[in-house]
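# Remarks on the overall topology
Each chain is listed here by its residues.
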Amino acid sequence: MTSQSGRLALTHGQHLPPYRVVAHNASTQSENKIHDDDVAKQYGFAGGLVPGVTDYAYMTRPLIEAFGLAWLEHGRLSARFLKPIYEGEEVTVTAAVASFDDAGVSVDVSALNPAGEICASGTGGLPKVPPPAPGLDDVPVGPLFAGRPAASEEALAVGTVLGTVETAFGDEEYTRYLEDAREHLPLYEGPNAVAPSGYLIREANRVLVQNVRLGPWIHVSSEVQHHGLVHRGDRLSTRARVVDLFERGGHKFVDLDVLLVANGERPVMRVAHRAIWDVRKKA
């Protein structure tokens, strides 16, 4: 592994060391019953789905191994979740350098199940020059929805500003996260811990579920751009706005523009976040 602040020496076409992890569905008791075996089977799945945010966390490991803290400062990852990953499956995350030029490094990342099927894929990397940080007003602050209404076309209308969710990084919930997502790396632990990308992407899910009540729903994809580190003790606010709402194949989708801000003044992550908020039942 590289040092926390350094990089590996990379070349075009180079395959990074694979990461293998036994998948864990820590959300079997959550409000989202797509993670429950019995309910998920009603929608045509073999069992409860390992959360997409957990799949995403697994996919970040080769990028952290390659780029260290620099990736959490200004790296990116666009991830799509294509097939379910189930509890107890050994997941293999592979990564290969797709391009290496004056613009930076681009890496193709895939997560495969034991059958060798690609369950998640994406492209990540590290630009040579950090992109400009978004403005604090790009995604406005809003109050949480009164009464937390049921999700609907009206509640999630395009242009709607969702209520901002506040959290402190480094509490007991974070300790549980590290175990649930198998994120045991030195830079994520101890008094000088920085927030993993997988922990931050969970906040994009939280801003949705803390504003509306959902039935079984599925995290489909996230396009993430980091803009700075989150340190233990930082206060995070997660802002979101609905940018698209559409139906495809009987599923109803919502696209969110999400901005995470540290201590009310420092943008640290921008996310284009997509979810199926109303899942088509198995015929």
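Quantities reported herein were computed from a predicted structural model and do not represent experimental measurements.

### So, the packing of aromatic side chains
All told, the structure shown has six aromatic pairs when counted by the stated rule. Relative to Tyr 177, the ring of Tyr 174 has its centre 6.3 Å away and its plane inclined at 15°; by these criteria the two rings are stacked. Linking Tyr 174 with Tyr 177, this pair stays in helix H4 (residues 172-180), spanning three residues, or about one helical turn. Using a relative accessible area of 1% as the deciding quantity, one classes Tyr 174 as buried. Relative to Tyr 199, the ring of Tyr 177 has its centre 5.6 Å away and its plane inclined at 75°; by these criteria the two rings are edge-to-face. Here the residue Tyr 177 occupies a position in helix H4, and Tyr 199 occupies one in helix H5 (residues 197-209), the gap between them amounting to 22 residues. Given the relative accessible area of 4%, Tyr 177 is considered buried. We note Arg 248 situated over the ring of Phe 253; from NZ or CZ to the ring centre the distance is 5.7 Å.

### What to know about the side chain of Asp 55
Mapped onto the fold, Asp 55 is located in helix H2 (residues 52-67). The side chain of Asp 55 sits in the buried core without any salt bridge; Arg 182 is the nearest counter-charge, 12 Å away. When residues no more than four places from it in sequence are discounted, the contact partners of Asp 55 are Val 50, Phe 81 and Ile 85.

### A word on the sheet that holds strand E10 (residues 266-278)
As summarised here, the arrangement of the 10 strands in space is E1-E3-E4-E5-E2-E7-E10-E9-E8-E6, forming an open sheet in which the pairing is antiparallel. With partners counted over all chains shown, the strands left at the sheet margins are strand E1 (19-22) and strand E6 (161-168), one partner each. This sheet shows a mean twist of 20° between the axes of neighbouring strands, independent of strand direction. Of the strands in this sheet, E1, strand E2 (76-81), strand E3 (90-101), strand E4 (104-112), strand E5 (118-127) and strand E7 (218-226) are in contact with H2, which crosses E2 at around 145°. Where H5 meets the sheet, it contacts E6, E7, strand E8 (235-248), strand E9 (251-262) and E10, and its direction lies at approximately 135° from that of E6.

What counts, and where the lines are drawn
Residues numbered from 1 in each chain as written. Predicted model: local features only at pLDDT ≥ 70, side-chain atom pairs only at ≥ 80, totals over all residues. Heavy atoms only, no water. Phe/Tyr/Trp six-rings, centres within 6.5 Å; stacked < 30°, edge-to-face > 60°. Helix = DSSP H or I, 4+ residues; strand = E, 2+ residues; numbered from the N terminus. Buried < 20%, exposed > 50% of the residue type's maximum accessible area, 1.4 Å probe, protein only. Lys NZ or Arg CZ within 6 Å of the ring centre and 35° of its normal. Lys, Arg positive; Asp, Glu negative; His and termini not counted. Salt bridge = Lys/Arg side-chain N within 4 Å of Asp/Glu carboxyl O. Contact = heavy atoms within 4.5 Å. Pairing = 2+ DSSP bridges. Axes fitted to C-alpha atoms, helices over the stretch in contact; angles between N-to-C directions.

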